[in-house]
Structure formats: structure tokens, C-alpha cells
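Next come the chains, spelled out residue by residue.
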Amino acid sequence: MEPISDTLKRVVNADAFTERYEKMKSEILENRGVQAFLAENAEVVNKGMVDRGLGKLYEYTTQNHDCETCENVANCENIMKGYVPQLTIIRGLIDLDYARCRQKIVEDERREVSAMISSMHMPKDVLKARLATVTYDHNTRVNLGTAASTFMEELKTTGQLPSKGFYIYGEFGVGKSYVLGALANELAEQKIKTVLVYVPEFLREMKHAIQDQSLQEKVDYVKKAPVLMLDDLGAETLSTWTRDEILGTVLHYRMAENLPTFITSNFDYDGLEEHLAYSGKGERELVKAARIMERIRSITIPMRLSGKNRRDG
């Protein structure tokens, strides 16, 4: 039997193998990216480095270097999905680095923006809203759009969040929640985290949180949010506890810390104060309602929103 070393020597020295090897080497060295790399590093690279680095050069040439043929990272055909190879020299050897491709950068940025918005019981269409898609077909809608733009401009100019948010009130279905979502997405683009809360479901959840001992954690998460948006305040069934211990605690903290808070409601300030005066006891508690409203007035600017019911038809 022929020794394995002799077999390998015979195969490696075979003319056919040598011819294929030289052809492959020629194709690799003719690659535009390889030629640009060799030209850029002409003072450093020598024939020995090229021969030793041929495997890395081959790996470079067999992969995509742009996103023109890729619809998304999931369909990327490169060794590392979402990354493109870049030739480099490390310790005197030709090697490869991998950098994020354009498509992965876009997708990563989208995920980062999405992560800036935390939603508690909010509809999905609200979370996709943008200020540019708000319909400004009423003067109150124009006023709100202007105020929202001014809020964002102050943030971009000063690098600081304005301390006051908006109290957006109006009839059912005019798009109050949609505006909250649009603002949240604008803030997310600026890497500002927002917590969006649908108030009726949130207060119901707080009652259950007592049982699983997560109440304080959830209240802290909401009250300490960089930007808090409370949707549909006034649509909930109140108890003395949810009004004073949950809403009161959250709003007092945000007033004390000058944290911007946005609120939507079907009630204006006076109407909400009347609603807050009644708890599950059936008694009219004006002082406690006034205390809550004092906090709301101090942290928001009232903005009426009118127009047709967007939910009709």
C-alpha cells in the first residue's frame, strides 16, 4: 500500500490540481476589492503574505459586499448574517474583519427605536403613528401639531426635555391616542424612552399586582419614566385607592421631578375634576379630586382636539 505522504505529494503535484489552484488564485487576485486592498497596502504586503492569506482572500471574494440583492438580514447569504467582510492586516498576516452591512444598520436602528417605546395595553396602530401622518383638518388639530413640533424643536435645540407635556382632551374618536403614539415615535427617534399607558387597563392591573406582589415595581416603572403618556384618563372606574394611591402617587412624583407627562381624556380639566370627585364609595370628595387636578394642571398644557370621529366608517 502506498504511504499516505506519497499519495498527498502525488496529488498536490498533479498538473490538474496545480492548474485549478493557479486559476483560482488568479480569479481571487483579479477581484476588484482584493486589488484595491493590495494597492492600498502595497508597501506592506509581499508575495509570501498573499500566499499565506489566500484563504482569507478567497473568503472575502465569495461573499456579498453590499445590500442590493438582500431584502433583509434574515435572507443574508454571508457567513455572518448582516455583516460584510473587510480585509485587514493583523500581526503581519492578511485577515478579515466583519462590519455591519447597511441593511443590518437600518434594522438595528429600527429595533432600537422600537425599544424606546414601552406600551401597556395600547393598540398596535397607535404605536405605529407619526406626526407627519396626523390629519390637520381642524384648527385645533393645527394648534396641537404646532405645539408638538415646538416641543420636539426645544428638545433638539437644548438637548433637554421640556418639563410640561400636553393634556389633550376632546370627543371620542378624534385621534387623541394617535397623537400620543406619534409623539412617542418622534421621541424615540431622539433616543428618548416613553412609557405609554392605557389608564383603565393599567388601574385594573394594579389591583391584581397586589396579589403577585409586583405593585410597587409597576408603579415605580410608570412614575419614573423619562416621558409618561396616560391615555384615556377619566374612562376608568375609580376607587379611592386607585385615585389616591396610584394616580396620586404617580402624578405627585412627576410634578416633583419635572418629568414631562402627556394625558388624553374625553373631559376638559373641570370635567375630569368632577369625575375624580366620585370614587367607589359614591361620595363626592372634592378636596381629593382638587389635589389630583392641581398636579395635572402643574405638569400639562391643555390642548383641545376636535374633528370628525376617525373610528366611523
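Here, the structure is the one placed above.
Quick caveat, the model's predicted, so the values are computed rather than measured. (Residues numbered from 1 in each chain as written. Predicted model: local features only at pLDDT ≥ 70, side-chain atom pairs only at ≥ 80, totals over all residues. Heavy atoms only, no water.)

In terms of helices and strands, the protein chain carries 14 helices and eight strands. For 313 residues, the compact-globule formula gives about 20 Å, and the C-alpha radius of gyration of the protein chain, at 31 Å, lies well above that figure. Dimensions of the protein chain, computed from the C-alpha atoms along their principal axes, are close to 100 × 45 × 40 Å. Of all 313 residues assigned to the protein chain, the portion counted as buried reaches 42%. The contacts in the protein chain between residues at least 6 apart in sequence include a share of 74% that link residues at least 24 apart. The averaged location of the 47 negative side-chain charges in the protein chain is 2 Å from the averaged location of its 42 positive side-chain charges. (Helix = DSSP H or I, 4+ residues; strand = E, 2+ residues; numbered from the N terminus. Rg over C-alpha atoms; globule rule 2.2 N^0.38 Å. Buried < 20%, exposed > 50% of the residue type's maximum accessible area, 1.4 Å probe, protein only. Contact = heavy atoms within 4.5 Å. Lys, Arg positive; Asp, Glu negative; His and termini not counted. Charge placed at Lys NZ, Arg CZ, Asp CG, Glu CD.)

This brings us to the pairing of strand E5 (residues 194-198). In terms of residue burial, E5 counts as a mostly covered element, since four of its five residues are buried. Note that strand E3 (residues 117-120) and E5 share four bridges and pair parallel. Its bridge partner lying in E5, Met120 is registered against Val197. As paired strands, E5 and strand E6 (residues 227-231) are joined by five bridges and run parallel to one another. The partner of Val197 across the bridge, within E6, is Leu230. (Pairing = 2+ DSSP bridges.)

Okay, the side chain of Thr300 next. Locating Thr300 in the fold gives a position in strand E8 (residues 300-304). The exposure class assigned to Thr300 is buried, which follows from its relative accessible area of 2%. A polar atom in the side chain of Thr300 sits 2.8 Å from the side chain of Tyr269. At a separation of 2.6 Å, a polar atom in the side chain of Thr300 contacts the main-chain carbonyl oxygen of Ile296. The contact partners of Thr300, leaving out residues within four places of it in the chain, are Lys164, Gly165, Phe166, Tyr167, Thr261, Ile263 and Tyr269. (Polar contact = N/O pair within 3.5 Å; in protein donor to acceptor, adjacent residues only side chain to side chain.)

A few words now on the environment of Gly82. Assignment of secondary structure puts Gly82 in the loop between helix H5 (54-61) and strand E1 (83-90). Residue classification places Gly82 among the buried positions, given a relative accessible area of 0%. In this view, Gly82 contacts Val73, Cys76, Ala99, Arg100, Cys101 and Lys104; residues no more than four positions away in its chain are not counted.

With that settled, consider the packing of helix H10 (residues 199-211) against helix H12 (residues 240-257). Following both chains from N to C, one finds H10 and H12 inclined at 90°, their axes separated by 11 Å at the closest point. Judged on the interaxial angle alone, H12 and H10 are roughly perpendicular. Of the residues in H12, those in contact with Phe202, Leu203, Met206, Lys207 and Ile210 of H10 are Trp241, Thr242 and Ile246. Looking at side-chain class alone, the contact of H10 with H12 contains six nonpolar, one polar and one charged residues. (Axes fitted to C-alpha atoms, helices over the stretch in contact; angles between N-to-C directions. Parallel < 35°, antiparallel > 145°, perpendicular 65-115°, else oblique. Nonpolar A, V, L, I, M, F, W, Y, C, P; charged D, E, K, R; others polar.)

Evaluation of the coordinates by the stated rule reveals five aromatic pairs. Judged by centre distance (6.1 Å) and plane angle (35°), the ring pair of Tyr167 and Tyr169 falls under tilted. Ring geometry for Tyr167 versus Tyr269: centroids 4.8 Å apart, planes at 45°, classification tilted. You can see Tyr167 sitting in strand E4 (residues 165-169) and its partner Tyr269 sitting in helix H13 (residues 269-276), a full 102 residues away along the chain. A relative accessible area of 0% means that Tyr167 is categorised as buried. Judged by relative accessible area, Tyr269 falls into the buried class, the value being 13%. Members of the aromatic cluster, connected to one another through ring pairs, are Phe151, Phe166 and Phe262. (Phe/Tyr/Trp six-rings, centres within 6.5 Å; stacked < 30°, edge-to-face > 60°.)

In this structure, Ala182 sits in helix H9 (residues 176-189). For Ala182, a relative accessible area of 0% gives the class buried. Taking the C-alpha atoms as reference points, Ala182 and Leu272, 90 residues apart in sequence, are found 24 Å from one another. Setting aside residues up to four positions removed in sequence, Ala182 forms contacts with Val126, Ala129, Arg130, Leu131 and Val134.

A few words on empty space enclosed by the protein. Under the definition given, this model contains three cavities of 30 Å³ or more. There is about 50 Å³ of room inside the largest cavity. Looking at the largest cavity, the residues that line it are Leu131, Val134, Tyr136, Arg141, Leu144, Gly145, Ala148, Val179 and Leu305. Here the lining of the largest cavity takes four residues from helix H8 (residues 139-158), the largest share from any one element. A per-class count over the lining of the largest cavity returns seven nonpolar, one polar and one charged. (1 Å grid on protein atoms, 1.4 Å probe; cavity = no way out; pocket = protein on both sides within 12 Å on 5 of 7 lines; lining within 4 Å. Points joined across faces, edges and corners; volume = space filled by probe spheres on them.)

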